[in-house]
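Below are the chains, spelled out letter by letter.
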Amino acid sequence: MKARKHFALALALILVLAMVAPMGVLADDGAAEAETGALSGKAIGSGIAIGLAAAGGAIAMGLASGKATEGISRQPEANGQIRSTLMLSLVFIETAIIYALLVVILVIFVL
């Protein structure tokens, strides 16, 4: 339980820093500097977003694989059904990560 609390605090700190860090960069010192600041703010935010999506997906995939392995070791006769369910679950998790990547690409190049 303590590890979850520390993880939540670290995640909150990262999100606050992601929101506050571009503020100083976006100061109105000139049009060119503001544009560069907006671009670097997008880069920082995009990097954090895809990093969190990849980390969350990796944790979810690890948990799913561990539980599937545990299930197969308990019921070896259900090997095929557990494996197919695992593969479908991994595809859905990876799809969510790919959607996050697409959003990040849109933020960088379109917005």
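This one's a predicted model, so the numbers in the text were calculated from it and none came from an experiment.

Trainee: Any chance you could explain the overall build of the chain here in plain terms?
Mentor: Counting its secondary structure elements, the chain contains 3 helices and 0 strands. When the elements of the chain are put in sequence order from the N terminus, they spell out α-α-α. Here the chain holds 111 residues, and 14% of them are scored as buried. Considering only intrachain contacts with a sequence separation of at least 6, the fraction spanning at least 24 residues in the chain is 63%. Accessible surface for the chain amounts to roughly 8100 Å². Of this, 74% is attributable to carbon and sulfur atoms.

Trainee: Even after reading the chapter, I still don't get the pattern of salt bridges, so can you show me in this structure?
Mentor: It is possible for side chains bearing opposite charge to pair when their charged atoms get close. All told, the structure shown has 1 salt bridge when counted by the stated rule. Here Arg74 and Glu70 are joined by a salt bridge, their closest N and O atoms 3.4 Å apart. Of the two residues, Arg74 and Glu70 are both situated in helix α2 (residues 31–74); the distance of 4 residues between them amounts to about one turn of the helix. By relative accessible area, Glu70 is classed as partly exposed at 35%.

Trainee: How do you make sense of the environment of Ala43 when you look at a structure like this?
Mentor: Along the chain, Ala43 turns up in helix α2. Sequence separation of Ala43 and Val104 is 61 residues, and the distance between their C-alpha atoms is 9.0 Å.

Trainee: Is there a simple way to think about the nonpolar core in this case?
Mentor: Soluble globular proteins: nonpolar side chains tend toward being buried together. By size, the foremost hydrophobic cluster in this structure holds 5 residues: Ala68, Ala78, Ile82, Leu86 and Leu90. Counting residues per element, this core draws most heavily on helix α3 (residues 79–109), which supplies 3 residues.

Trainee: How should I be thinking about the environment of Met61 in this particular structure?
Mentor: As for its placement among the helices and strands, Met61 is situated in helix α2. The spacing of Met61 and Glu94 is 33 residues in sequence and 8.6 Å in space, taken between C-alpha atoms. Every residue in contact with Met61, bar those within four places of it in the chain, is listed here: Leu90, Ile93, Glu94 and Ile97.

Trainee: What is the right way to look at α3 in this model?
Mentor: Between its first and last C-alpha, α3 extends 45 Å over 31 residues, near the 45 Å set by a 1.5 Å rise per residue. Taken together, the buried positions of α3 are Ile82, Leu86, Leu90, Ile93, Ile97, Ala100 and Val104.

Trainee: Hey, could you run me through a nonpolar patch on the surface in this one?
Mentor: Taken together, the side chains of Ile98, Tyr99, Leu101, Leu102, Ile105, Leu106, Ile108, Phe109, Val110 and Leu111 present a nonpolar region at the surface, about 1000 Å² in accessible area. Mapped onto the elements, Ile108 comes out in helix α3.

Trainee: I'm lost on the confidence of the model for the chain in this one. Help?
Mentor: Detailed reading of predicted coordinates is not advised where the pLDDT is low. Put simply, the chain has an average pLDDT of 80, and 65% of its residues get 70 or more. For the chain, per-element mean pLDDT is lowest for helix α1 (residues 2–25), which scores 60, and highest for α3, which scores 94.

Trainee: How do you make sense of the side chain of Ser46 when you look at a structure like this?
Mentor: As for its position among the elements, Ser46 is in helix α2. Beyond its immediate chain neighbours, meaning those up to four positions away, Ser46 contacts Val104, Val107 and Ile108.

Here is what the cut-offs are and how they apply
Residues numbered from 1 in each chain as written. Predicted model: local features only at pLDDT ≥ 70, side-chain atom pairs only at ≥ 80, totals over all residues. Heavy atoms only, no water. Helix = DSSP H or I, 4+ residues; strand = E, 2+ residues; numbered from the N terminus. Buried < 20%, exposed > 50% of the residue type's maximum accessible area, 1.4 Å probe, protein only. Contact = heavy atoms within 4.5 Å. Areas by Shrake-Rupley, 256 points an atom, 1.4 Å probe, with all protein chains shown as cover. Salt bridge = Lys/Arg side-chain N within 4 Å of Asp/Glu carboxyl O. Core = buried A, V, L, I, M, F, W, Y, C linked by side-chain atoms within 4.5 Å. Expected span 1.5 Å × (residues − 1). Patch = residues over 30% accessible without salt bridge, like charges linked within 9 Å, V, L, I, M, F, W, Y side chains within 5 Å. pLDDT = per-residue confidence, 0-100.

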